[in-house]
Structure formats: C-alpha cells, structure tokens
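Residue strings, one per chain:
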Amino acid sequence: MLTQPESTSTRRRDHSGARLALLAFAMLIVSLDQYIVVVALPEIGRDLGYSAQTLQAVISTYAIASSGFLLFGGRAADLLGRRRMLVTGLALYAVASVVGGLATVPLLQLAGRALQGLGGALVFPSTLAIITTSFAEGRERNRALSVWGGAGAAGLVIGVLLGGVLTQGFGWQAVFFVNVPLAGAALVAAFALIGADRPRAPRRRFDLAGTLSVTGAVTLLAFALVRGPDAGWGSPEIVAALGAGALLIGAFAVIERRSADPLLPRHLLANSSLRLALVVAFMFTATFGSLLYFLSIHFQDVWGYGALATGLGFLLPTAVVVAGSLLAGPVVTRIGVRRTLLGALAAGALGACLLGLTLTPDGSYVSLVPGLIAVSAGDGMVFTAMYIAAATRVPDPQQGVASGIVTTGSGIGAAAGLAVLVLIANARARDLDGDALRVATGGGIRTAVFVIAGGIVLTFLFVLAAHRRSPSRILRTVDAGSAAGGRGPGPS
C-alpha cells in the first residue's frame, strides 16, 4: 500500500515545534543563569574573598548589565535580525561563562557576569520576538508562550537546583562552565531551525543616540538601586549615578521627540497591555524572583543544608512552576490576561505569607510545602501571562522593542528588589556570630519574605485598579477566531 507524502502543513507544524523547543531552551539558559550561582555563593565568597555585603554583586551585576542593554537588544533584534542577535547573545554567554569559571579574583568574575548579562539582553528579546511573530495572536500564541514562559519561569528555579548539584559534585566553577555546552548546542541549532534574517528595511534607522542614552540611563539607575542601600543614598557615587541617569533620561526624551524612527514609538507607550506588563514585570522579579535567593540562604545558613540538599529542596517548586506556566496560556485564552494575573497574584501572596510563617530557625522543609506550592503556582502563571500581555496588539516589526521594554522593567525590578530586601534581611545580623547570627539571619529572612508578600499584594491591587478603569475591554477574552489561527482581540 502506497503512503501519502507528508503534507506541507504537517512539515511546517513539525518545524514550528522544533523551533519553539529551541527558543524555549535558549530562554531556559538565560533564565537559569540568573540564579544558578545562588547555591554556590557561600563557596564563591570564601574562595574569591567576597564580603557579606559584596557577595550579592555576583547576582546584581548580571541584573544591571542585562537591564541596561535590553532595549538595545530589542531594537537590534528588530533591525539587525532576530536570529543574528540570538546567536550573538549565545556566543557571548559561552565566552562569559568561561571567564566567570576561571576567575581567581572578584573583579574578573564580575566582568564575566556583566558579559553574561549583555548576552542575556540579546537572547531574551530575540526569542520572544521570534515567537510573537511566528504565532498568531490568540490561542496559538498563548500556547507557544506557555511553553516559552514555562522554560523561563522554571529556569529561575532549575538554576538553584542545578547549581546545588553542580557545586556539590564539581565545585562552584561548574555553575559557570555548564553554560558552555548548553549555549553551544543552542547556537548550532539556531542556524538549522531559524530562517535567515530578512534584509533591513531601508527606511528604518537604529536610533543610535536614543539607544545609547536610554542604555546609559537604565544602567546608571540600576547601579544606584543596587548600591544605594549599602553605600548610602547620599554618597557621592550614588548621587552622581542618579544625576547622570536623570540627565540621560531627559536627553532620551528630547531625542525621541525629534527622531524620524524613534526607539519607543508613541503608540507602544499608549498600549495599555504593554504598560500593565511593564509594571507587573518590575514587581514580579522584585518579589517572586528575590524569594529564591532568600530560600537558598535560609536552607544553607539557617538550617545548615549542603549545596546538594539545597538544590534538591527546589525540586517541588520547579515542578509546580512549570505546571503553572504551561497552564497559564490556556487560562489566558479562556478568561483573559488580567483575571489570570489576579488569580495568580492572589495565590502568590498567600504562598509568601505561609512561607513567612513557617521559615523559622528550627522549622522543617515539610512545613514549607503548602507555601511553596502556592507561591510557585503563582510564579509560573504570572511569568507567562505578563509576556502574553506584552505582545498584545504590538506590530511585528516592533515586537523586539516591546519585549525589551518589559524585560528592562524586569531587570531593574530584580536589581532593586534584591538590594532593598537584602538590606532589610541583614539589618539584625550585623556584628553577630555563631548561633546568634543564625537566629538573626532566620528572623531577617522571615521579615524579607513578609515584605515580598506585601509587594505581591500591591501588584494585585494595581492590576485590580487597571481592571476597574476599563472593565468592558479588560474582561474581553480571545475570540473563537483565534483557535483557527486568526488574530483575535487581545486583552486590553
């Protein structure tokens, strides 16, 4: 019996599936690298001579570099080519990881982390823009973003898990070196699965002046937010950074008004879904994202877990985060972005409160399980839903910039949230040692977790207020035409 040749549509679906898997894998690499070093921080600090106050720089340096260059990465993806920026970012990741793993002094390692942040600023908006331009707005795109978002949200937690396994088995250097084969494999697959970039549109310009001014402004702002709580808000370096950042923001506004092809078109800033996604992204990384750091520190410094046990402690949240992310797309299609966000934020706030009540110096992991499940479910769903909102009603040629706007907010939120929360958590632990230090550290972490819960509640109230301002449009969900691949009305 003769078999029929495979149809063109089937081949296209298979290719789309493989491409989506690659983009999710690239997103996983970027995401896990933000926190893969968390479990290794105590060993890194001892080997390279970081102080308790400077150790968080291993994380915040990545956040500063990434957030500063995300708009640049988004613009470059739109104009210079999304595949080109993706492979460039992956190559930077591989090189930077070698630098970080071979470092023998903090300065060299932080340079490697900054280069990783730059790589992430190219990879992140490129993957998101390729997805949002490859899948029709509505059910098809929501499902694709669920897979991509599941990889991203899970990567934050998998990073902690993988970091524990690698640190225990091979030393802290392994948390850097593992990126080399991962990024290399993704880079090779990108050439095979993603089509060549189209020629640049002749009328579109890079807006170099606008890009440089906003990149400098965001970098200086992120630096001030990270260093301010420790150095003092009135210190010369912080005042200079804030002043220079403000001047660059003013220069950026003037440049954009006069530009024939501005980096931030006015219609993007008028997009209510994009504005909502920007605020939620900032608060998400400041709250949900910072929680991973404090859980890791509590497991090790308060409960005395080793690196491997700490990593294994994140198995449960990893599974729940992935499930929440995969569920978010269908839920958004059914009830809309804002209702999904409200439910996910409510679960996250409840979970954070439960964790704050059970994170005691003499507590147990079992007591954390209800809180971990609730906060992880909220984590996964918020991550995916906010990027669905970010892509809604954005023209294809500007998807890269739109993703850069939201991820910039995310990066600044990560830097600012962690800096402020570390200051709160360490307020009681100064000049202590022994068991007194352990108890004070545990108490400080509990306070920080309750502050995180409060931040999630504030995010909930913001989304609720946006809901009330335009209820008739907010409650609109993707229509039945989206199921057939049409461009249904997104939430607004």
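Just so we're clear, the structure is a prediction, and the values are computed from it rather than from any experiment. (Residues numbered from 1 in each chain as written. Predicted model: local features only at pLDDT ≥ 70, side-chain atom pairs only at ≥ 80, totals over all residues. Heavy atoms only, no water.)

### Observations regarding the overall build of the protein chain
Reasoning step 1: On a plain count of helices and strands, the protein chain comes out with 19 helices and zero strands.
Reasoning step 2: Contacts in the protein chain between residues at least 24 apart in sequence constitute 84% of all its contacts with a sequence separation of at least 6.
Reasoning step 3: For the protein chain, the accessible surface area stands at approximately 19100 Å², while carbon and sulfur atoms represent 67% of it. (Helix = DSSP H or I, 4+ residues; strand = E, 2+ residues; numbered from the N terminus. Contact = heavy atoms within 4.5 Å. Areas by Shrake-Rupley, 256 points an atom, 1.4 Å probe, with all protein chains shown as cover.)

### Things to note about the pattern of salt bridges
Reasoning step 1: Scanning the model with the defined rule gives two salt bridges in all.
Reasoning step 2: One salt bridge in this structure joins D78 and R82, with 2.8 Å as the shortest N-O distance. R82 carries the same exposure label as D78, and that label is buried.
Reasoning step 3: With its nearest N and O atoms 3.6 Å apart, the salt bridge here joins D362 to R438. Here D362 is found in the loop between α15 (337-358) and α16 (365-391), whereas its partner R438 is found in helix α18 (residues 434-469), with 76 residues between them in sequence.
Reasoning step 4: Assessed through its relative accessible area of 68%, D362 is described here as exposed. (Salt bridge = Lys/Arg side-chain N within 4 Å of Asp/Glu carboxyl O. Buried < 20%, exposed > 50% of the residue type's maximum accessible area, 1.4 Å probe, protein only.)

### Focus: the side chain of T310
Reasoning step 1: With respect to the helices and strands, the residue T310 is situated in helix α13 (residues 307-312).
Reasoning step 2: Only 2.9 Å separates the side chain of T310 from the backbone oxygen of G306, close enough to count as a polar contact.
Reasoning step 3: Discounting chain neighbours no more than four positions away, the residues touching T310 are V39, S296, F299, Q300 and Y305. (Polar contact = N/O pair within 3.5 Å; in protein donor to acceptor, adjacent residues only side chain to side chain.)

### Let's talk about the nonpolar core
Reasoning step 1: Grouped together as the largest cluster of nonpolar side chains are 125 residues, with contacts concentrated most on L86, W148, F294 and V382.
Reasoning step 2: When residues of this core are assigned to their parent elements, the largest contribution, 15 residues, is made by helix α12 (residues 272-302).
Reasoning step 3: Setting aside its immediate chain neighbours within four residues, L86 contacts L23, A26, V123, S126, T127, I130, A190 and I194. (Core = buried A, V, L, I, M, F, W, Y, C linked by side-chain atoms within 4.5 Å.)

### Looking at the environment of G306
Reasoning step 1: Looking at the secondary structure, you find G306 in the loop between α12 and α13.
Reasoning step 2: The exposure class of G306 is partly exposed, given its relative accessible area of 33%.
Reasoning step 3: Measuring from C-alpha to C-alpha, the distance between G306 and Q168 comes to 7.7 Å, with 138 residues separating the pair along the chain.

### Here we look at the packing of aromatic side chains
Reasoning step 1: Tallied over the entire structure, the rule returns 15 aromatic pairs.
Reasoning step 2: Both rings, one in W148 and one in Y387, keep their centres 5.2 Å apart while their planes meet at 85°; by these two values the pair is edge-to-face. Taken as a pair, W148 in helix α6 (residues 139-170) and Y387 in helix α16 lie far apart in primary sequence, 239 residues in all. When sorted by exposure, W148 lands in the same class as Y387, which is buried.
Reasoning step 3: Aromatic rings pair up to connect F124, W148, F284, F288, F383 and Y387 into one cluster. (Phe/Tyr/Trp six-rings, centres within 6.5 Å; stacked < 30°, edge-to-face > 60°.)

### What to know about the packing of helix α3 (residues 57-80) against helix α9 (residues 208-231)
Reasoning step 1: Viewed as axis vectors pointing N to C, α3 and α9 meet at an angle of 160°, and their least axial separation amounts to 9 Å. When the interaxial angle is binned, α3 and α9 end up roughly antiparallel. Of the two possible hands of crossing, α3 and α9 adopt the one that is right-handed. For the pair formed by α3 and α9, the contact residues are S60, I64, S67, G68, F69, L71, F72 and R75 on the first element and T211, V214, T215, V218, T219, A222, F223 and V226 on the second.
Reasoning step 2: Within the contact of α3 with α9, the residues separate by chemical class into nine nonpolar, six polar and one charged. (Axes fitted to C-alpha atoms, helices over the stretch in contact; angles between N-to-C directions. Parallel < 35°, antiparallel > 145°, perpendicular 65-115°, else oblique. Left-handed = near helix turned anticlockwise from the far one by under 90°. Nonpolar A, V, L, I, M, F, W, Y, C, P; charged D, E, K, R; others polar.)

### Regarding a nonpolar patch on the surface
Reasoning step 1: Among the surface-exposed residues, V165, L308, L312 and L315 lie close enough to one another that they form a single nonpolar patch of about 310 Å² accessible area.
Reasoning step 2: Considering the arrangement of structural elements, one finds L315 in helix α14 (residues 315-335). (Patch = residues over 30% accessible without salt bridge, like charges linked within 9 Å, V, L, I, M, F, W, Y side chains within 5 Å.)

### So, the confidence of the model for the protein chain
Reasoning step 1: Put simply, the protein chain has an average pLDDT of 82, and 89% of its residues get 70 or more.
Reasoning step 2: Low pLDDT, under 50, characterises residues 470-492; the predicted model gives this stretch 52 contacts beyond four residues in sequence or across chains. (pLDDT = per-residue confidence, 0-100.)

### With respect to the packing of α3 against helix α5 (residues 106-134)
Geometrically, a packed helix pair is captured by the angle between its two axes and the distance between the axes.
Reasoning step 1: In contact at an axis separation of 6 Å, α3 and α5 are set at 35° when each is read in the N-to-C sense. With respect to the hand of their crossing, α3 and α5 are arranged in right-handed fashion.
Reasoning step 2: Among the residues forming the contact of α3 with α5, the class breakdown is 16 nonpolar, nine polar and one charged.

### Topic: the side chain of T132
Reasoning step 1: Relative to the elements of secondary structure, T132 occurs in helix α5.
Reasoning step 2: Of note is the side chain of T132, whose polar atom sits 3.2 Å from the backbone oxygen of A129.
Reasoning step 3: Ignoring anything within four residues of it in the chain, the contact list for T132 reads R141, A391, D396 and Q399.

### With respect to α9
Reasoning step 1: In this model α9 runs 33 Å from its N-terminal to its C-terminal C-alpha over 24 residues, within 8% of the 34 Å that 1.5 Å per residue would give.
Reasoning step 2: Where α9 bends most, at L225, the angle is about 30°, and the proline P229 comes one to four residues later.
Reasoning step 3: By the burial criterion, the buried members of α9 are G210, T211, S213, V214, T215, A217, V218, A222, A224, V226, G228 and P229.
Reasoning step 4: Packed against the buried residues of α9 are α3, α10 (236-258) and α17 (399-426). (Expected span 1.5 Å × (residues − 1). Bend = angle between axes of the 7 residues up to and from the residue.)

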